[in-house]
Amino acid sequence: MDVFLQQLINGIVLGSIYALVALGYTMVYGILGLINFAHGEVVMVGAMVALTVIQVLLGAGSPLPVPLILALGLAAAIAVCMALGFAIERVAYRPLRNSPRLAALITAIGVSILLQNAAMIIWGRQYHSFPALLPDTPHQIGGAAINDLQILIVLLACAIMGGLLFLVHRTRLGRAMRATSQNPEVAGLMGVDINTVIAVTFVIGSALAAVAGIMVSAYYGIAHYFMGFMLGLKAFTAAVLGGIGNLAGAMLGGLLLGIIESLGAGYIGPLTGGFLGSHYQDVFAFLVLILVLVFRPSGLLGERVAERA
Amino acid sequence: MTRRLLAAAGIGLALALVLAGYGKESSGPKTIKIGQVSPLTGPQAHLGKDNDNGARLAIEEINAKGVTIGGAKVQFEIVSEDDQADPKTGTIVAQKLVDAKVAGVVGHLNSGTSIPASKIYHDAGIPQISPSATNPKYTQQGYKGAFRVMANDVQQGKVLGEYAVTKLRAKKIAIIDDRTAYGQGLADEFEKAAKGAGATIVSREYTSDKSTDFRAILTNVRGKQPDIVFYGGMDSQAGPMAAQMKSLAIKAKLLGGDGAQSVEFIKLAGPGAEGSIASSPGLPLDKMPGGKGFTDRFTAKYGQIQIYAPYAYDATMTLVEAMQKANSTEPAKYLAELAKTSRQGVTGPIAFDDKGDLKSGPITLYEVKAGKWVTLETVGGGAAASK
C-alpha cells in the first residue's frame with residue numbers, strides 16, 4: 001500500500017509539471033492551430049537561466065536568504081523566456097501565419113533544434129547539478145515520503161493553473177483570446193488586436209514554461225541542454241490526452257499522464273513477471289498518445305473545436 | 001562588380017589555403033595519427049573529455065621529448081572522435097579512424113561501444129587499447145589487437161559483491177542497472193558474487209543511460225527494504241539516483257562501480273552522496289606509482305581528473321612505447337611488442353595476459369565522506385604492498 005501511495009505522489013508531482021508545460025502547447029494550438037514544438041526548448045532555457053542566476057548568487061558569497069535567491073532565479077528565467085517566446089512568435093511564426101500548416105510545423109522543429117544547439121554552445125554539453133535550495137528532509141505520510149519541494153511544486157502548479165483559468169475566462173484579455181481562438185478574422189473586425197493577443201499568448205505560455213523548467217530541474221537536481229526534448233514530447237502527449245486546445249484538458253491530461261507513467265513504471269515489472277521492466281517507463285506516454293489518437297482523437301475533454309458550435 | 005570581386009577573393013583564399021596545406025605536408029617530421037574515442041557530447045561528455053585530455057597530455061609530453069622511429073623524427077597527433085556512448089555511432093567513428101589511417105586507437109571509453117568497434121579495428125589490423133572498457137567480452141572475442149589497461153568486471157563485480165556481504169553485512173540487496181554492456185555486465189557479476197556470499201537479491205530493476213527520473217523504480221526498491229542498493233552504470237545516473245534515494249527516505253547505502261566513482265557523482269548527488277560506496281579498478285591516485293606527478297601535470301593543464309584520464313594517459317604511452325621498441329609505426333610490426341608490454345605506468349605495472357587483459361589489476365573501494373571520495377581499501381593486484 002505504501003508503495004502504491006508513493007507512486008501516486010511521484011505521479012502527481014510529475015503530472016503537475018507536465019500540466020504546466022502542456023498548457024503552453026494547448027494555448028498556442030487553441031489560438032493558432034499550430035503545434036509549437038519549440039516549447040520544450042523554452043522550458044530548458046528557463047531551467048538553464050535560473051540555474052545560472054542561482055549559481056552566481058550562491059557563488060557571490062552574499063548571504064541572501066534562500067527564498068530571495070529562488071525568487072530572483074525564477075524572475076530572471078521568466079523574463080528571459082517571455083522575451084524568447086515573443087521573439088520566436090515574431091521571427092519564426094508570424095511571417096508564416098497564412099502559409100500551409102506544414103510550413104509552420106517545420107519551422108517549429110527548426111526553432112527547437114536551433115535553441116537546443118544554442119544552449120549547448122552557451123551552457124556546454126555536460127549535466128549541471130541544480131543546487132538543492134529547499135531542505136529535502138522527507139515528511140512521512142502513511143508510509144510514503146514527500147518533501148517540501150514536492151509540496152511546493154504541486155501547490156504552485158495549482159495556483160498558476162487557477163490564475164490562468166481566471167485570466168482566460170474572466171478578464172478582457174481572456175475574452176479577446178477566446179474570440180481570436182474561435183475566429184481570428186471576425187475577432188479582428190470586432191476591434192481585437194489579433195497580433196497582440198497572439199504575442200501575449202506566446203509570452204504567457206513561455207512564462208509557464210520557465211516555471212516548469214525550474215520545477216523539473218529542482219525536482220531531479222539536474223539540468224542539461226537536451227532536457228526539453230523528451231519533456232516537450234510528453235507534455236504534448238498530455239495536451240493531446242486531455243484534448244488539445246482545451247485548457248482544463250491540458251491540466252487533466254498532464255496529471256493523468258504523470259500518474260500513468262509512475263504507476264506503469266512501478267508495476268510493469270511485477271505484473272509481467274519481470275519480462276518487461278521499469279526501463280520501459282518512457283514507453284507509456286507514447287502508448288497513451290497512440291491509443292488516444294486511434295480511439296479518441298479529440299482527447300478526454302474534447303478539442304476546442306467543440307466550442308465553436 | 002562586387003560579385004566578380006567576391007569570386008576573385010574566394011579563389012585567392014582557396015589557393016592560399018591549398019598552398020598553406022601543401023607547405024605543411026612537405027616539411028617537418030612525419031606525423032603519426034593516434035585515434036582517441038569517447039563520448040564528447042551527451043550525459044557522459046565530462047568523462048569523454050577526461051579521457052581525451054589524458055591522451056592529449058601523453059602525446060604532448062612525447063612530442064616535447066622528441067621521438068625517433070625507424071630513423072626519422074616522428075610527431076604524434078591525436079585524432080579525437082565522439083561516439084556519444086552509442087554502439088551504432090561507435091562503429092561509424094571507428095570506420096572513420098580506420099579510413100584516416102590511424103596507427104593505433106586509445107578507446108573507446110564504454111564497453112558498449114568498445115565491443116562492436118573492436119571488430120572494425122581487428123579487420124583493419126589496428127591495435128586498440130581501451131582505458132576503461134571493463135566488460136569481459138571485449139577481450140574474449142579472440143582479437144589479437146584488443147587490450148585494456150583496467151581490471152575487468154568479473155574481478156570488479158566479485159570484489160564489490162563480497163565486500164557488500166562480508167564487510168557491509170548486507171543480507172537483502174536491490175540491484176539496478178542501465179542495460180548497457182557495462183552496467184548490465186557489472187550488475188550480473190555483482191549479483192553472482194553477492195549470492196555466492198549468501199545474500200538475497202530482493203529486487204532487480206532497470207533504467208537507461210539517459211534517464212534522470214528514478215523515483216518509480218526507487219519506490220519499488222524501497223518497498224522491498226534492502227540493506228544495500230547496487231547500481232551498475234555511470235555517474236550521470238548514479239548521482240541523481242543517490243539524491244532521489246535521499247528524498248524518498250531510503251536508508252540503504254548506494255553501491256556502485258568505477259562508472260560512479262567520479263567527482264561529478266558527488267556534484268550531482270549533492271547531500272545524497274554522503275556514505276555512498278564505489279569501486280574502481282586500479283590504485284587510488286595518490287598510491288599510483290606516478291600518480292602525484294601525473295595529477296599535478298594534468299590539473300595544471302585541464303583541471304580536475306574525473307576518473308579515467310590516468311588510464312587514457314597510460315594507454316597512449318603504452319602504444320607509443322611499443323612503436324618505439326618495434327622501431328615501426330606499422331600496426332602489423334609493433335603489435336607483437338604491444339602484446340609483450342611490461343612497463344611501469346602512472347596507474348601501476350602494465351602487462352597483458354594472452355587475451356589482452358591487464359595482468360593482476362588491483363581494485364580499490366572508496367566511500368564519500370564529507371563530500372570527498374575517501375579510500376576504504378584495495379583488493380588484489382599489488383595491493384598487499386601498497387596497503
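Note that the coordinates shown come from a computational prediction; the quantities given were computed from them, not determined experimentally. (Residues numbered from 1 in each chain as written. Chains lettered and ligands numbered in written order. Predicted model: local features only at pLDDT ≥ 70, side-chain atom pairs only at ≥ 80, totals over all residues.)

Q: Break down the domain arrangement of chain B for me, with residues and values.
A: Many authors give the size of an interface as the accessible area that is lost as the parts come together. Residues and elements named next belong to chain B. According to the domain assignment, chain B contains domain 1 (29–150 + 287–356) and domain 2 (154–281 + 364–386). Facing 19 residues of domain 1, the contacting portion of domain 2 comprises 19 residues. Listed by contribution, the elements that provide at least two residues to the side of domain 1 that touches domain 2 are α2 (45–65), α4 (111–124) and β13 (348–351). With three residues, α4 is the largest single contributor of residues to the side of domain 1 that touches domain 2. Classifying every residue of the side of domain 1 that touches domain 2 by side-chain character gives eight nonpolar, ten polar and one charged. (Domains from an automatic or database assignment. Contact = placed C-beta atoms within 7 Å. Helix = DSSP H or I, 4+ residues; strand = E, 2+ residues; numbered from the N terminus. Nonpolar A, V, L, I, M, F, W, Y, C, P; charged D, E, K, R; others polar.)

Q: Tell me about the packing of helix α6 (residues 172–182) of chain A against helix α8 (residues 194–220) of chain A, residues and numbers included.
A: Two quantities define a packed helix pair, namely the angle between the helix axes and the distance between the axes. Residues and elements named next belong to chain A. Across the interface, α6 lies against α8 with an axial gap of 10 Å and an inter-helix angle of 105 degrees. It follows that α6 is roughly perpendicular to α8 by the angle criterion. Note on element contacts: α8 touches α6 through Ile194, Val197, Ile198, Val200 and Thr201, opposite Leu173, Ala176, Met177 and Thr180. (Axes fitted to C-alpha atoms, helices over the stretch in contact; angles between N-to-C directions. Parallel < 35°, antiparallel > 145°, perpendicular 65-115°, else oblique.)

Q: Break down the interface of chain A and chain B for me, citing the residues and quoting the values.
A: Counting residues at the interface gives 24 residues for chain A, matched by 29 residues for chain B. Secondary structure elements with two or more residues in the side of chain A that touches chain B: α1 (2–32) and α10 (247–271) of chain A. Classifying every residue of the side of chain A that touches chain B gives eight nonpolar, 14 polar and two charged.

Q: Got a sec to walk through the confidence of the model for chain B? Specific residues and values, please.
A: Interpretation of this model should avoid reading the predicted coordinates in detail wherever pLDDT is low. Residues and elements named next belong to chain B. In the predicted model, chain B carries a mean pLDDT of 88, and 91% of its residues have values of at least 70. In the model, residues 21–27 has pLDDT below 50 throughout and makes zero contacts with residues more than four positions away in sequence or in other chains. Interface confidence in the predicted complex, given as ipTM, is 0.84; pTM for the same model is 0.84. (pLDDT = per-residue confidence, 0-100.)

Q: Any chance you could break down the pairing of strand β3 (residues 72–82) of chain B for me, citing the residues and the numbers?
A: All names here are of chain B. Strand direction decides the pairing type here: strand β1 (residues 30–38) and β3, joined by nine bridges, are parallel. Residue pairing for β3: Val37 is matched across the bridge by Glu81. Sheet topology note: the strand β2 (residues 67–69)/β3 ladder contains three bridges and is antiparallel. Across the sheet, residue Thr68 finds its bridge partner in β3, namely Lys73. Where β2 hands over to β3, the hairpin turn is made up of two residues, of which Gly70 adopts a positive phi near 60 degrees. (Pairing = 2+ DSSP bridges.)

Q: Any details on the nonpolar core? Residues and values, ideally.
A: Considering soluble globular proteins, one finds that nonpolar side chains tend to be buried as a cluster. Ala19 and Cys81 of chain A together with Val229 of chain B are the most contacted members of the largest nonpolar core, which totals 203 residues. Ranked by residues supplied to this core, first place goes to α8 of chain A with 17 residues. If you count residues domain by domain, this core takes at least three from each of domain 1 (29–150 + 287–356) and domain 2 (154–281 + 364–386) of chain B. Excluding its chain neighbours within four sequence positions, the residues that come into contact with Ala19 of chain A are Ala157, Met161, Ala238, Ala250, Met251, Gly254 and Leu255 of chain A. (Core = buried A, V, L, I, M, F, W, Y, C linked by C-beta atoms within 7 Å. Buried ≥ 20, exposed ≤ 12 C-beta atoms within 10 Å, placed from the backbone.)

Q: Describe the sheet that holds strand β8 (residues 200–206) of chain B, with residues and values.
A: Residues and elements named next belong to chain B. The seven strands lie next to each other as β8-β7-β9-β10-β11-β14-β15, forming an open sheet whose pairing is mixed. Since the sheet does not close on itself, it has two edges, and those belong to β8 and β15 (372–379), each with one partner. Going across the sheet, the axis of each strand differs from the next one's by a mean of 25 degrees, ignoring polarity. Of the pairings in the sheet, the one linking strand β14 (residues 363–369) to β15 comprises seven bridges and is antiparallel in character. Each residue of the ladder has a partner; that of Val368, found in β15, is Trp373. Across the sheet, helix α8 (residues 235–247) lies against β9 (228–232) and β10 (253–256), angled at about 165 degrees from β10, the strand it touches most.

Q: How would you sum up the packing of helix α2 (residues 39–59) of chain A against helix α9 (residues 227–242) of chain A? Please name residues and give values.
A: Residues and elements named next belong to chain A. The interhelical angle for the contact between α2 and α9, taken along N-to-C directions, is 130 degrees, at an axis separation of 7 Å. Judged by the inter-axis angle, α2 sits oblique to α9. As α2 packs across α9, the resulting crossing turns out to be right-handed. Here His39, Gly40, Glu41, Val43, Met44 and Ala47 of α2 lie close against α9, whose contacting residues are Met227, Gly228, Phe229, Leu231, Gly232, Leu233 and Ala235. The residue inventory of the contact of α2 with α9, partitioned by class, reads eight nonpolar, four polar and one charged. (Left-handed = near helix turned anticlockwise from the far one by under 90°.)

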